[in-house]
Amino acid sequence: PLQAVIFDLEALSCPDEPGEPRSGLVDLVLSLFATGIWVAVVGAGPRNMVEPRVRELIGDGMAETVVSADDLTGPAGDAELYRLALWEMGIVAGEALVIAGSESAGRLAAALGLPVINAGSSSYDGLSAKGCRELQAQRVVARFHCRAAG
């Protein structure tokens, strides 16, 4: 079952207006919060840049965890941000859904076995905790079928 939705920092802001949250983002985060699904955010920048952006875009205290490049030890790649977010929440890849703001971020998360949807230039209008649960379940089943077929 879905325990957490992990956003990359790019997936939070509007592609056309980077200082503004994507349409429907706040409603989605509130829906997740109300149903007990954790929200995590990963950002490749330093903590003093990532945390203020998260507070600005989704509100203070809405993210269960925020992982930045400052949290990594050694020369780890961006994929380690997702691993650390999972570790901090005490969950495994199959219990999360990643909402990626770019194809490269989506590929990184998928390579770790995380179910991923790509935000691209879309809004979150109409997406709720229920929709996230359905999307995550579809991706877990699809990944299982790909492994079984291979």
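First, a word on scope: everything that follows refers to the structure included in this document. What you see is a predicted model; the values in this text were computed from it and never measured. (Residues numbered from 1 in each chain as written. Predicted model: local features only at pLDDT ≥ 70, side-chain atom pairs only at ≥ 80, totals over all residues. Heavy atoms only, no water.)

1. What to know about the packing of aromatic side chains
Okay, step 1: Under the definition given, this model contains one aromatic pair.
Okay, step 2: The interplanar angle of 80° and the centroid separation of 6.1 Å between the aromatic rings of Phe7 and Tyr124 together place this pair among those described as edge-to-face. In this pair, Phe7 is assigned in strand S1 (residues 4-8) and Tyr124 in the loop between strand S5 (116-118) and helix H5 (129-149), connecting sequence segments 117 residues apart. (Phe/Tyr/Trp six-rings, centres within 6.5 Å; stacked < 30°, edge-to-face > 60°. Helix = DSSP H or I, 4+ residues; strand = E, 2+ residues; numbered from the N terminus.)

2. Observations concerning the pairing of strand S4 (residues 96-100)
Okay, step 1: Of all five residues that make up S4, five are buried, and the element is covered over most of its length.
Okay, step 2: Side chains Ala96, Val98 and Ala100 of S4 all project onto a buried face; the interleaved residues Leu97 and Ile99 project onto the opposite face, where all are buried too.
Okay, step 3: Pairing of S1 with S4, which is carried by four bridges, proceeds in the parallel orientation. By the bridge assignment for S4, Val5 is matched with Leu97.
Okay, step 4: Pairing of S4 with S5 involves three bridges; the strand directions are parallel. Opposite Val98, over in S5, you have Val116 as the bridge partner. (Buried < 20%, exposed > 50% of the residue type's maximum accessible area, 1.4 Å probe, protein only. Pairing = 2+ DSSP bridges.)

3. What to know about the side chain of Ser102
Okay, step 1: Looking at where Ser102 falls in the secondary structure, it is placed in the loop between S4 and helix H4 (103-111).
Okay, step 2: A polar atom in the side chain of Ser102 sits 3.2 Å from the backbone nitrogen of Ala105.
Okay, step 3: Not counting residues up to four positions away in its chain, the partners in contact with Ser102 are Asp8, Glu10 and Asn118. (Polar contact = N/O pair within 3.5 Å; in protein donor to acceptor, adjacent residues only side chain to side chain. Contact = heavy atoms within 4.5 Å.)

4. Overview of helix H1 (residues 25-34)
Okay, step 1: Buried within H1 we find Leu25, Leu28, Val29 and Leu32. An end-on view of H1 places all buried positions within 95° of arc, on one side of the element. When the buried face of H1 is taken as reference, the exposed residues oriented beyond 90 degrees from it are Asp27 and Ala34.
Okay, step 2: Downstream of H1 by a residue or two, Gly36 has a phi angle that is positive, lying close to 80°. (Arc of directions from axis to C-beta.)

5. What to know about H4
Because each turn of an α-helix spans 3.6 residues, side chains separated by three or four positions in sequence point in the same direction.
Okay, step 1: Those residues of H4 that fall on the buried side of the exposure criterion are Ala105, Gly106 and Ala109. Projected down its long axis, H4 shows its buried positions confined to an angular sector of 100°, all on one face. Turned more than 90 degrees away from the buried face of H4 sit Glu103, Arg107 and Ala111, all of them exposed.
Okay, step 2: Residues of H4 that are buried sit in contact with S1, helix H3 (79-89), S4 and S5.
Okay, step 3: Backbone geometry just after H4 places Gly113 at a positive phi near 90°.

6. What about the nonpolar core?
Okay, step 1: Among the nonpolar cores identified, the biggest contains 27 residues, and Val5, Phe7, Leu12, Leu32, Ile58, Ile99 and Tyr124 are the most heavily contacted of them.
Okay, step 2: Elements supplying a minimum of two residues to this core: S1, H1, strand S2 (38-43), helix H2 (47-58), S4 and H5.
Okay, step 3: Excluding residues that lie within four positions of it along the chain, Leu12 makes contacts with Phe7, Glu20, Pro21, Arg22, Leu25, Val41, Val54, Leu57 and Ile58.
Okay, step 4: Listed in part, the 21 residues of the second largest apolar core include Ala40, Ala93, Ala96 and Val98. (Core = buried A, V, L, I, M, F, W, Y, C linked by side-chain atoms within 4.5 Å.)

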